[in-house]
Amino acid sequence: MKARNGKFFSRGVHFRDMKFISKDCPIRRLEAPAVASIALQQHIGKPAAPVVAVGDSVKCGQLIAKADGFVSANVYSSVAGKVIAIEKRANPRGGMDTHVVINRDLDADDSFVPLEPLKEKTKETIIARIAEAGIVGMGGAGFPTFIKLSPKTPVDTLIINAAECEPYLTCDYRLMVEQTDKLVEGFRLIAKALGVNHIIVGVEKNKPDAISLFEKYDDLDVVILRKRYPMGSEKHLIYCCTGRRVPPGKLPADAGCVVQNVATSYAVYEAVELNKPLFERVVTVSGQCVENPANLIVRFGTSFDFILEKCGGIKGDIGMIIDGGPMMGATMLSTDYYTRKTDSGLLLLPASEVSLSNPTPCISCGSCARVCPMHLMPMDIDFYTQAGDYIMAKERGGVLNCIECGSCAYVCPASRALVQSIQLCKQKLREMK
Amino acid sequence: MEKVIVSDSPHIRGKRTTRGIMLDVVIALLPAAVMGCVFFGTDALVTILISVAASVATEFVYSLCLKKKPIEIIKSFDFTSVVTGLLLAMCLPSHVKWYVPLISAIFSIAVVKMLFGGTGKNIVNPAITGRVFAFIAFQSMMVSGWVAPTIAALDGNVATGATELTSILGGNGASVSLLDMFLGTGMMGCIGETCKLALLIGGIYLVVRKVIKWQFPVIYIVVEGFVAVCLAKFDFAQFLPSILSGGLFLGAIFMATDYVTSPNSTAGNYVYFIALGVLTAVLRAATKIEVVSFVILLMNLLVPLINAYIRPRPFGAPGLVERIRAKIEAKKAAKAAKEEGGKQ
C-alpha cells in the first residue's frame, strides 16, 4: 500500500543518526566461536532453568534451559559441543547471571537441529511455537513475545516497530532491505497469531529504501515517521501510526494495538517456517573506533571480544564500549561479555563523541520538560528524588510514567543525571510497596 | 585493553551547557550596555564595571568561605554572577554614587543568591532584588537627579527632571517622541532601559539561540500595553508610550525570563507572564511610579505556587473535558443504579 505520513509528534530530541557508518554493510554470518557462554536470563522475568549438566554433549539448536514460570523463555544452544561449566558470569548491565558454557566441538556440524514441523498454522500453534522457540522482544526489552501475543483486551492492529530511532544501529534496517519477503511473512504470521488483519509498519523517514520496499505489499499499511528520538517507544509509535493514545499505566493492548519489533518478526518467521529455535540474531558493530563496521549474524553466547576481533579490532583511541544504542544502552568495562537475545549493537566510540554526566546545579530552564515525550517534569522528579521524597516525585513529576528514553538528560544544560534519578526513584517506590 | 569510560545512559548529550546559556545572555545584553555607555558616558561604564566586578568577586569570596578550592571555583564559574552584575547595573541610573552598584551587587549575590544555595537555588531574581534594595536604601539617588543623555532628542527637546514614564503617569504627557523613546535618544532613565532597539536586538538574539521563547516577553509587553489602554478608558494612543517609556522591555526580555525564578512548565509560564503584564499596568496606574521590578519580584514569589498547580498532563492521560465528562457519566450511572435499587 502507498505509504502515508504518520501523525506529528513534537517532543523528543533530534540528533545526527550516525547510521552511515554501518548502513551499507550487508549482513554476513559470523562463524561460531570456540566457546559459547549462554546466559540463562536473556529476557525479563525469571531465568530459565538449565536442563543440561556439566559434561553433557549438546547439539546446535538443542534446548539447554527451559522456561521457568510464566514470564520466562526457553534458551537453546548456539553451538555443538560439550558443556564445560554452568557458572555465574558478569552481564553487560553490571549484574551476574548464570551462564551455560559450551566448548565447541570443532569437527561437529554447525547446522541446527530443527524443532518439530508445525502440522497446521493456526493462532494457537503459532503462539505455542513462538513460546517454544524462546522468542523475546529483541528491540531491547526482552519481554517474552508469546505473552504479548495473547492480550487480555481485544486488539485490531499489529504495529511493526521499524523506526530504529537509536543512532548508529542498523541491524533492523539491513533486515528490512535484505530479507523483505521473509520479514513480511513474519509480520503476517504474527498478525495471524493475533487474529488481526491490519498491519502497520512504522518506518522513520531516514530509511527511504525500506519504505519503498514495504510499499510493494498490498496488505501492509506503511507509515512514514518523522525522524525523532524516541519514535520507537511503543506509546509514541502507536500515537503516530493510529492517532490512539495509550493512557498512563495501561498497555498498548488497551488501545487495541500490539507492537512488535523487526528483529522479533524475523525470528518468528524463522521459528514457524524454518522450525528454527532462537539462537542467533543480527548485531550491528559500529562506531568510529571499529576497523570494519558490520552487521553480523551472531550466535548467542559469542563473546564481544571475538566479534571485535573478526571486525578488525579497535581503531584509534577508544573512549567507550556500549552494548546497545548510545541513548539507552549500557557501557561495558571491556569486551569480555557475551551476546544475548536483546543485544542489537556493539558500539565503540571515541571519547570525543561521548559525553559524561558532570552535574552542575539545575537552573530550572525547563528544557527537560519541553522534550519529555511523556509530558513529565523531569526536573521535579530529580529534585524530589535527591531530597528523598519519592512520593512527591511520583505525584509532582509523574515518575511512574517515565519510559527512561534519556531525552531529558540529552538536552539538560546542567548535564544532570536525570535518568539515574528516575531509576533510583522507581526502585525506591517499588521497595516501598 | 585500554581504559574505557563506564558511565550511565545516555552516552551522547547535547552541546548546550549552563555556561553557554549565560554567555548568550551576556552577549545579548551587550548592545543595551554599549548604548547605555554612549548615552550616559563614562558614569554608566563605571557603574557597569563596578557592579559586574563586585558580583563576581562576591561569589568568589563566598565560595572561598565555603572552603572550596580557588581552582575549583574558577573551573565551575558559570557566568551567572556576570549576568546578575550586568543586569543590576542596567537598571540603575547612571548618576548614582560608586558605592550604590557596589553594595547592591554584594547584596544581590551574597544575600539573594548564595545564602539560598547559589546558582539555581535562589527564589527571587538577584538583579531585581538588588535594584529594589538600592531603590529603598538609596532612595534620593534612585528617584531624582536624572541626567539627560549626551545624544539629544531628534526634535531637540531634552526633558529634565523626571523620567519619561513618571511624567506620563503623572499626567504631564510625554515630552519626547515615540521614535525617541524607541531609540532612547534624549530620554532619561536607567542605564540599560532607554534604548529599546538595543534590548530588542538582544532579545532577538536570545530567541534565535533558543535561550528564551519569543512568546513570553511579547505576552508581557502586549498585555501590559492593553491593560494600560483599558485603564486609560480605551485611549489607544496610550499603548506605545506605556510599553516604551519605562523599564518594561528590559524587565520582559531579560528579567522575567530568568529560568530559575520563572515557572518550569510552558503553561505555567503563560500564566506567569500574563499576570506580570496585568499587575504591572494596574500597579503603575495606582502608584504612579515604575513598578516592573517590584512586580517581577512579587511574581517570583508566586512561582512555587504556579509550579505546584500548573503541571503538564502525562501523555495519554485524559484531558480536563474528558475527565469532567467521565465524572458526569459516573454520577449518572450511580444515579441510575440508585433508582434501580429503589424500584426493587
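Draft legend 1. A look at the overall build of chain A. A count of helical and extended segments in chain A gives 13 helices and 18 strands. Against the 2.2 N^0.38 benchmark of 22 Å for 433 residues, chain A shows a C-alpha radius of gyration of 21 Å, consistent with a compact globule. Projected onto the principal axes, the alpha-carbon positions of chain A cover approximately 65 × 50 × 45 Å. Buried residues in chain A amount to 60% of all 433 residues. Sequence separation of 24 or more characterises 70% of the internal contacts of chain A that already satisfy a separation of 6 or more. Total accessible area on chain A is roughly 16,500 Å²; 53% of this is exposed by carbon and sulfur atoms.

Draft legend 2. Here's a closer look at the nonpolar core. Tyr220(B), Leu250(B), Phe254(B), Tyr272(B), Leu276(B) and Ile296(B) are the most contacted members of the largest nonpolar core, which has 83 residues in total. Mapped onto the domain boundaries, this core takes at least three residues apiece from domain 1 (16-146 + 189-211) and domain 2 (214-310) of chain B. Once residues lying within four places of it in the same chain are set aside, the contact partners of Leu276(B) are Tyr220(B), Ala256(B), Val295(B), Ile296(B) and Met299(B). Ile130(A), Ala191(A), Leu194(A) and Ala253(A) belong to the second largest nonpolar core, which has 54 residues in total.

Draft legend 3. Representation of the side chain of Ser63(B) in the model. Residues and elements named next belong to chain B. Within the fold, Ser-63 resides in helix α2 (residues 42-65). Judged by its relative accessible area of 7%, Ser-63 is buried. Not counting chain neighbours up to four residues away, the residues in contact with Ser-63 comprise Lys-68, Ile-73 and Met-114.

Draft legend 4. Expanded view of the packing of aromatic side chains. Counting across every chain of the model gives 19 aromatic pairs over all chains. Consider the rings of Tyr266(A) and Tyr269(A), whose centres lie 6.4 Å apart with planes at 25 degrees: the pair is stacked. Of this pair, Tyr266(A) and Tyr269(A) both sit in helix α7 (residues 262-273), separated by 3 residues, roughly a single helical turn. Pair check on accessibility: Tyr266(A) and Tyr269(A) agree, each one buried. Aromatic side chains Phe135(B) and Phe294(B) sit 5.5 Å apart centroid to centroid with 80 degrees between the ring planes, which places their arrangement in the edge-to-face category. Here Phe294(B) lies in helix α15 (residues 292-309) and Phe135(B) lies in helix α6 (residues 126-137), a separation of 159 residues in the sequence. Here Phe135(B) falls in the buried class, since its relative accessible area comes to 11%. Exposure remark for Phe294(B): the relative accessible area of 27% places this residue in the partly exposed category. Three or more aromatic residues joined by ring pairs form one cluster here, namely Phe216(B), Tyr270(B), Tyr272(B) and Phe273(B). Looking at Lys276(A), its charged tip hangs above the ring of Phe279(A), at a distance of 5.3 Å from the centre.

Draft legend 5. Molecular detail of the interface of chain A and chain B. In this complex, chain A contributes 60 residues to the contact, which on the side of chain B involves 35 residues. Together, the buried faces of chain A and chain B total about 4,100 Å²; carbon and sulfur atoms form 61% of this surface. On inspection of chain A and its partner chain B, the count reaches 12 residue pairs in polar contact (both at pLDDT 80 or more). Elements that contribute at least two residues to the side of chain A that touches chain B include exactly α6 (234-242), β16 (320-323), β17 (330-332), α10 (378-386), α11 (390-397), α12 (407-411) and α13 (418-432) of chain A. Tallied by class, residues from the side of chain A that touches chain B come to 34 nonpolar, 17 polar and 9 charged.

Draft legend 6. Structural view of empty space enclosed by the protein. Residues and elements named next belong to chain B. Tallied over the full model, the rule gives 5 cavities of 30 Å³ or more. In this model, the largest cavity occupies a volume close to 330 Å³. Every residue lining the largest cavity is counted, 24 residues in all, and those nearest its centre are Met-22, Val-83, Asp-258, Tyr-259 and Val-260. Residue assignment for the lining of the largest cavity shows that the elements contributing at least two residues are α1 (18-40), α4 (80-90), α6 and α13 (248-255). No other element matches the 4 residues that α4 contributes to the lining of the largest cavity. Residues of the lining of the largest cavity, tallied by class, amount to 15 nonpolar, 7 polar and 2 charged. When residues of the lining of the largest cavity are sorted by domain, at least three fall in each of domain 1 (16-146 + 189-211) and domain 2 (214-310).

Draft legend 7. Quick look at the packing of α10(A) against α11(A). All names here are of chain A. Between α10 and α11, the shortest axis-to-axis distance is 8 Å and the interhelical angle comes to 170 degrees. The orientation of α10 relative to α11 falls into the category roughly antiparallel. Contacts from Asp-380, Ile-381, Tyr-384 and Thr-385 of α10 reach α11 at Tyr-390, Met-392, Ala-393, Arg-396 and Gly-397. The class makeup of the residues in the contact of α10 with α11 is 5 nonpolar, 2 polar and 2 charged.

Draft legend 8. Geometry of the pairing of strand β8 (residues 81-90) of chain A. Residues and elements named next belong to chain A. Pairing between strand β5 (residues 57-58) and β8: 2 bridges, direction antiparallel. From the neighbouring strand, Val-58 faces β8, where its bridge partner is Gly-81. The sheet contact formed by β8 and strand β9 (residues 96-104) spans 9 bridges and is antiparallel. Considered in β9, the bridge of Arg-89 is made with Asp-97. Between β8 and β9, which pair antiparallel and follow one another directly, the connecting turn spans 5 residues, one of which, Gly-94, has a positive phi of 100 degrees.

Draft legend 9. Representation of the packing of helix α10 (residues 196-208) of chain B against α13(B). Residue and element names in this part refer to chain B. Where α10 meets α13, the axes come as close as 10 Å, and the angle between the chain directions of the two elements is 15 degrees. One finds that α10 runs roughly parallel with respect to α13. The two elements α10 and α13 cross, and the hand of that crossing is left-handed. Along the contact surface, α10 presents Lys-196, Leu-199, Leu-200, Gly-202, Gly-203 and Leu-206, while α13 presents Phe-249, Leu-250, Ile-253 and Phe-254. In the contact of α10 with α13, the residues fall into 7 nonpolar, 2 polar and 1 charged.

Draft legend 10. Structural context of the pattern of salt bridges. All names here are of chain A. For the coordinates displayed, the defined rule picks out 23 salt bridges over all chains. Of the charged contacts in the structure, one is a salt bridge between Glu-31 and Lys-310, with a shortest N-O distance of 3.3 Å. With a gap of 279 residues between them, Glu-31 in the loop between β2 (27-29) and β3 (35-39) and Lys-310 in helix α8 (residues 304-310) connect regions that are remote in the sequence. Judged by its relative accessible area of 46%, Glu-31 falls in the partly exposed class. Relative accessible area serves as the criterion here: at 31%, Lys-310 is assigned to the partly exposed category. Among the ionic pairs, Asp-219 bridges to Arg-188, the shortest N-O distance being 2.6 Å.

Draft legend 11. Inspection of a nonpolar patch on the surface at higher detail. A cluster of nonpolar side chains, namely Trp214(B), Val218(B), Val222(B), Phe226(B), Phe234(B) and Phe236(B), defines an oily patch on the protein surface of about 630 Å² accessible area. In this fold, Trp214(B) is placed in the loop between α10 and α11 (215-231).

Draft legend 12. View of the domain arrangement of chain A. All names here are of chain A. Segmenting chain A into domains produces domain 1 (1-30 + 111-348) and domain 2 (367-432). Between domain 1 and domain 2, the C-alpha centre-to-centre distance is 27 Å. Contact residues are listed per partner, giving 15 residues for domain 1 and 15 residues for domain 2. When domain 1 packs against domain 2, the two sides together hide about 1,100 Å² of surface, and 62% of this comes from carbon and sulfur. The interface formed by domain 1 and domain 2 includes 0 salt bridges. On inspection of domain 1 and its partner domain 2, the count reaches 5 residue pairs in polar contact (both at pLDDT 80 or more).

Draft legend 13. Molecular detail of the domain arrangement of chain B. All names here are of chain B. Looking at chain B, the domain boundaries give domain 1 (16-146 + 189-211) and domain 2 (214-310). Taken over C-alpha atoms, the centre of domain 1 sits 21 Å from the centre of domain 2. The interface of domain 1 with domain 2 comprises 29 residues on the first partner and 21 residues on the second. Between domain 1 and domain 2, the buried area comes to about 2,200 Å², and carbon and sulfur atoms account for 78% of it. Of all residues in domain 1, Asn-125, Ile-128 and Lys-196 bury the most surface against domain 2, accounting for 25% of the area lost on that side. Taken together, the connections running from domain 1 to domain 2 amount to 0 salt bridges. Scanning the region where domain 1 abuts domain 2 turns up 5 residue pairs in polar contact (both at pLDDT 80 or more). Residue assignment for the side of domain 1 that touches domain 2 shows that the elements contributing at least two residues are α1, α4, α6 and α10. Top contributing element to the side of domain 1 that touches domain 2 by residue count: α10, with 7 residues.

Conventions used here
Residues numbered from 1 in each chain as written. Chains lettered and ligands numbered in written order. Predicted model: local features only at pLDDT ≥ 70, side-chain atom pairs only at ≥ 80, totals over all residues. Heavy atoms only, no water. Helix = DSSP H or I, 4+ residues; strand = E, 2+ residues; numbered from the N terminus. Rg over C-alpha atoms; globule rule 2.2 N^0.38 Å. Buried < 20%, exposed > 50% of the residue type's maximum accessible area, 1.4 Å probe, protein only. Contact = heavy atoms within 4.5 Å. Areas by Shrake-Rupley, 256 points an atom, 1.4 Å probe, with all protein chains shown as cover. Core = buried A, V, L, I, M, F, W, Y, C linked by side-chain atoms within 4.5 Å. Domains from an automatic or database assignment. Phe/Tyr/Trp six-rings, centres within 6.5 Å; stacked < 30°, edge-to-face > 60°. Lys NZ or Arg CZ within 6 Å of the ring centre and 35° of its normal. Buried area = accessible area lost by both parts, 1.4 Å probe. Polar contact = N/O pair within 3.5 Å; in protein donor to acceptor, adjacent residues only side chain to side chain. Nonpolar A, V, L, I, M, F, W, Y, C, P; charged D, E, K, R; others polar. 1 Å grid on protein atoms, 1.4 Å probe; cavity = no way out; pocket = protein on both sides within 12 Å on 5 of 7 lines; lining within 4 Å. Points joined across faces, edges and corners; volume = space filled by probe spheres on them. Axes fitted to C-alpha atoms, helices over the stretch in contact; angles between N-to-C directions. Parallel < 35°, antiparallel > 145°, perpendicular 65-115°, else oblique. Pairing = 2+ DSSP bridges. Left-handed = near helix turned anticlockwise from the far one by under 90°. Salt bridge = Lys/Arg side-chain N within 4 Å of Asp/Glu carboxyl O. Patch = residues over 30% accessible without salt bridge, like charges linked within 9 Å, V, L, I, M, F, W, Y side chains within 5 Å.

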